[in-house]
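Structure assessment
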Amino acid sequence: MATSRMYAEDNFKASRQIWRGAMRAARPWILLLPVLTVITVLFLVPLLGILRLSILGEDGYSLASYATFFTDSFHLAVLGRTLGVALIVTLGCLILGYPVAYVAARYAGGLGTALLLIVTMSFWTSFLARTYAWMVILGSQGLVSNLARALGFEPPQILFTGLAANIGMIHILLPFMVLALFAVMQRIDRTLLRASEGLGATRFQTFRRVFLPLSVPGMINGCAMVYIVCLGFYVTPELLGGPRDQLIARQIGSQIEQLLDWREAATMAAVLLAVTLVIYAVYDFFFGLDRLWRS
Amino acid sequence: MTENDAPFLRLDAIVKRYPGTPAPAVDGISVDIQRGEFVSLLGPSGSGKTTTLLMIAGFELPSEGRILLEGRDIVGLPPHRRNFGMVFQNYALFPHMTVAQNVAYPLELRKIPTAEVRATVGRYLEMVGLSGLAGRRPTELSGGQQQRVALARALVFSPPVVLMDEPLGALDKNLREQLQVEIKELQKSLGITLIYVTHDQSEAMTMSDRIAVFNHGRIDQIAPPDRIYRRPATRFVGEFVGDSNMIEGRAIAGEIGLADSPLGRITCTDGTSVLTSGQPVLVMIRPELVRLSNRPTPQNGARLVVSRTTNYGDRVLVEGIGPNDTPLRLRVSAREAEDCRPGSQIDVAWDPEDVHVLPRSA
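Since this is a predicted model, take the numbers as computed values, not measurements. Starting afresh in each chain, residues are numbered from 1 along the sequence in its written order. Starting at A for chains and at 1 for ligands, labels are handed out in the order in which the entities are written. Per-residue local features of the predicted model are confined to residues with pLDDT of at least 70, and side-chain atom pairs are confined, for both listing and counting, to 80 or more; whole-chain, interface and lining totals are unaffected and use all residues. Heavy atoms from the whole structure form the basis of all side-chain values; hydrogens and water molecules are not counted.

Take the sheet that holds strand β10 (residues 218–223) of chain B next. All names here are of chain B. Pairing between two strands requires that DSSP report at least two bridges joining them. Only DSSP runs of H or I covering at least 4 residues are called helices, and only runs of E covering at least 2 are called strands; the numbering of each starts at the N terminus. Ordered by their spatial adjacency, six strands build an open sheet running β6-β7-β8-β3-β9-β10, and the pairing between neighbours is mixed. Two strands bound the open sheet, and with one partner strand each, they are β6 (85–87) and β10. This sheet shows a mean twist of 15° between the axes of neighbouring strands, independent of strand direction. What counts as an axis is a line fitted to C-alpha atoms, over the stretch in contact for a helix, and the angles between N-to-C directions run from 0 to 180 degrees.

Candidates for patches are residues over 30% relative accessible area with no salt bridge; among them, like charges are joined within 9 Å and nonpolar side chains (Val, Leu, Ile, Met, Phe, Trp, Tyr) within 5 Å. Calculation of accessible area relied on Shrake-Rupley with a 1.4 Å probe; when residues are assessed, cover is drawn exclusively from the protein chains displayed. Whenever a carboxyl oxygen of Asp or Glu lies within 4 Å of a side-chain nitrogen of Lys or Arg, that contact is scored as a salt bridge. Together, W29, L32, V35, L36, I39, F43 and L44 of chain A make up a nonpolar patch on the protein surface, roughly 640 Å² of accessible area in all. Inspection of the secondary structure assignment puts F43 of chain A in helix α1 (residues 2–54).

For the rest of this paragraph, the subject is the sheet that holds strand β4 (residues 64–69) of chain B. Residues and elements named next belong to chain B. In spatial order, the strands read β2-β1-β4-β5; together these four strands make up an open sheet with antiparallel pairing. The open sheet has two edge strands with one neighbour each: β2 (26–33) and β5 (72–73). Sheet analysis places β4 next to β5, joined by two bridges and oriented antiparallel. When the bridges of β5 are listed, L68 appears paired with D73. Contacts were defined at the residue level, with two residues in contact if any of their heavy atoms lie within 4.5 Å. Packing of helix α1 (residues 49–57) onto the sheet brings it into contact with β1 (9–16), β2 and β4, and relative to β1 it is tilted by some 120°.

For every domain, the bounds stem from an assignment made automatically or drawn from a database. Domain boundaries in chain B define domain 1 (36–65 + 77–230) and domain 2 (243–359). In this structure, domain 1 of chain B and domain 2 of chain B have C-alpha centres spaced 40 Å apart.

Residues and elements named next belong to chain B. Note that strand β11 (residues 245–251) and strand β12 (residues 258–261) share two bridges and pair antiparallel. Within β12, the residue paired with A251 across the bridge is A259. Here β12 hands over to strand β13 (residues 264–267) after two residues, the two strands then running antiparallel side by side.

Glancing now at helix α8 (residues 190–198) of chain A. L192, L193, A195, S196, E197 and G198 of chain A are the residues of α8 of chain A that are buried. Its buried side turned inward, α8 of chain A meets α3 (73–106) and α9 (203–231) of chain A together with α2 (99–109) and α4 (143–155) of chain B. G200 of chain A lies just past α8 of chain A and shows a positive phi near 115°. To sort residues, take the accessible area from a 1.4 Å probe on protein chains only and compare it with the maximum for the residue type: under 20% means buried, over 50% means exposed, and anything in between is partly exposed.

Let's shift gears to the nonpolar core. Grouped together as the largest cluster of nonpolar side chains are 120 residues, with contacts concentrated most on V89 of chain A together with L163, I183 and I195 of chain B. By nonpolar core we mean a set of buried residues, namely Ala, Val, Leu, Ile, Met, Phe, Trp, Tyr and Cys, connected to one another through side-chain atoms within 4.5 Å. By size, the runner-up hydrophobic cluster in this structure holds 25 residues, among which are V281, V348, W350 and V355 of chain B.

With that settled, consider the interface of chain B and chain A. At the junction of the two partners, chain B supplies 23 residues and chain A supplies 18 residues. Buried area is understood as the total, over both parts, of accessible area removed when two parts are fitted together, assessed with a 1.4 Å probe. At the boundary of chain B with chain A, total buried surface from both sides reaches about 1,800 Å², with 63% on carbon and sulfur atoms. The largest per-residue losses of area from chain B upon contact with chain A belong to H80, Y105 and L109 of chain B, which jointly make up 30% of the total buried on that side. At the boundary of chain B and chain A, one finds one salt bridge. One salt bridge in this structure joins R209 of chain A and E108 of chain B, with 2.7 Å as the shortest N-O distance. Between N or O atoms, a polar contact is any pair within 3.5 Å; within protein, one atom must be a potential hydrogen donor and the other a potential acceptor, and residues adjacent in sequence are included only when both atoms are from side chains. Taken together, the links from chain B to chain A amount to seven residue pairs in polar contact (both at pLDDT 80 or more). Among the elements of the structure, α2 and α4 of chain B are those that each provide at least two residues to the side of chain B that touches chain A. Among the elements that line the side of chain B that touches chain A, the one with the most residues is α2 of chain B, at four residues. Considered class by class, the residues forming the side of chain B that touches chain A number 15 nonpolar, three polar and five charged. The classification used treats Ala, Val, Leu, Ile, Met, Phe, Trp, Tyr, Cys and Pro as nonpolar, Asp, Glu, Lys and Arg as charged, and all other residues, Gly among them, as polar.

Look at F160 of chain A: it is not a glycine, yet its phi comes out positive at around 65°. Positioned with a positive phi, K111 of chain B is a non-glycine residue whose angle comes to about 60°. On the secondary structure map, K111 of chain B appears in the loop between α2 and α3 (114–127). Relative accessible area serves as the criterion here: at 67%, K111 of chain B is assigned to the exposed category.

Turning our eyes to something else, we now look at α2 of chain B. Counting buried positions over the eleven residues of α2 of chain B gives eight, a clear majority of the element. All buried positions along α2 of chain B are accounted for by V99, N102, V103, A104, Y105, P106, L107 and L109 of chain B. Those residues of α2 of chain B that are buried lie in contact with α8 and α9 of chain A together with α3 and α4 of chain B. Note on α2 of chain B: the residue one or two positions beyond its end, K111 of chain B, has a positive phi of about 60°.

To continue, consider the domain arrangement of chain A. Residues and elements named next belong to chain A. Partitioning chain A into domains gives domain 1 (2–57) and domain 2 (68–293). When the two sides are added together, the surface that domain 1 and domain 2 hide from each other amounts to roughly 530 Å², 75% of it contributed by carbon and sulfur. For domain 1, the biggest contributors to the area lost against domain 2 are I50, L53 and S54; these three give 62% of the whole. On the surface where domain 1 and domain 2 come into contact, there are zero salt bridges. For the pair domain 1 and domain 2, the interface holds one residue pair in polar contact (both at pLDDT 80 or more). When contributions to the side of domain 1 that touches domain 2 are tallied by element, the ones reaching two or more residues are α1 and β1 (56–57). Considering each element in turn, the side of domain 1 that touches domain 2 owes the most residues, five residues, to α1.

With that settled, consider the pattern of salt bridges. Residue and element names in this part refer to chain B. Considering all chains together, one arrives at 24 salt bridges over all chains under this definition. A salt bridge links E37 to R210; its shortest N-O distance comes to 2.5 Å. Of this pair, E37 sits in the loop between β2 and β3 (38–42) while R210 sits in strand β9 (residues 210–215), placing them 173 residues apart in sequence. Looking at E37, the relative accessible area reads 10%, which means it is buried. Put simply, D209 and K184 hold a salt bridge, and the shortest N to O gap is 3.6 Å. Of this pair, D209 sits in the loop between α6 (201–207) and β9 while K184 sits in helix α5 (residues 173–190); the two residues are 25 residues apart in sequence, bridging distant segments of the chain. Overall, the relative accessible area of 33% leaves D209 in the partly exposed class. Accessibility expressed as a relative area gives 13% for K184, which makes it buried. Within the structure, one salt-bridge network assembled from shared partners comprises D243, R308, E319, R329 and R331.

So this is what it looks like as structure tokens:
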């Protein structure tokens, strides 16, 4: 009698424990439910719709539109240009952003804080506003051209060229790079730099052999972020660049707006997405996705 | 004084002031260090010992004073040109380099040929017992192993002076004691001049040729460990290093080596120069030098009421109250402690040779 009651109690305890364990395991998913719902309904489902659109021909499913894309030299040129421009913009951000992040990390407080504040302020300013600002600065009656004229020579066309588009994109994406670099640089242990100098390294040797290698994760994070964002950039190159400097995002837009070719647009979007995912995968394989967010 | 008579490393009236702080962090320190000497800078945190080390290393500039290496002022030299080895508390190993690359780093900076670098690194890794771990990353090593790498890295380029800033502070007790022995042996066998910052007095006692005891930016005393322990120059030194009874007394005028205290008359064989004029004195007796006595002693002893006992395993600390409410501590063996239950009366005594006298002002 007593034994059976003990068993019953044990059973009860065990089932309660299982239930509790299940609740515990489910808890994070309950917390994620709202955002998962939003992402599924507003992002994943439409995305699948676009992918479906790209393979939906007049007579059933086919990959014909992809064949068209990859045999069309114009489309391939746009894709290549997009990849190239993203590379230039990324390198530009790295070259300009590294010294800023370096100074901000090395001189925390005062100068460093002021620099970060400036960077964040430009980060908070609407990129549309910043794009228009560049139109004013680079225009034929703008600051740059007038300055050139004051110095006595006729300025070349800057606005509505690839150069203007690149300048604008570098400016807009620079804060991403600076913040990614800063996050890593700030955590570099100062005693390592001290140890290096104590062991006989000059300031420059210390930078090159200790600080620079330790800041590489920041460079990779920053470059991956800027490059991927740059691939899909639409407004800034459209407003600042010329008609011959169109990037793939703009191309997708004109497929829809001017040619009403939804299928081709969906195909290009799918290609762009695939390229982005490939870059993401390479990055993840080598450097671990979590590092991008941990810092 | 000729160059040859000059001490190897001399700190000459060093002062360090930081803007915005009223008292200087280092307040006029002068030390002469001989070649091959092991000198510990001992003191509580904020006493200026680490600041002093950083000034020797060149990471901080003294506000006043000179630092002379073989008679040459090195204050103006940046750290990388001082050629000193340095070991930090948090090891400061380069995480992106292997163990061997870390140790090779100072040699490569000195443009030593690759073959020689490899051989030297191998020799030093063997010396610290890490030969098998040359290819590992620092993060794959234990704390003790990491500090051994840091040690090899600081020694590998045969620096004239090696500076260590609490190098064992992050390690547990057993490992710390083991590395104390190893560091001391390396220092002796390589003939290194070593300046060692620590707040751990037993570490300073076991390793050093001389200890400089820091107190509020000044050196209260610099002397060999046994002298620091047995004949502290100030009350601070006596209390910071080891456990002590400090009894306020008064020298008896006209008597040599005799002081009046709340515990009765105390004979002193040491420090008699302060014991002539009837001035106030401080009498120090180490608790382990106070012993139980089976009869009352009129002089150099006292009757106590035990207030508390604390067992440390090897010894038992007995705290008692003597005449005139004067507290006294003694350390006895566990067997002796059986007679020392709280509330019981005990008679204690000490030898006049073990009594140390300080002027009360110090």
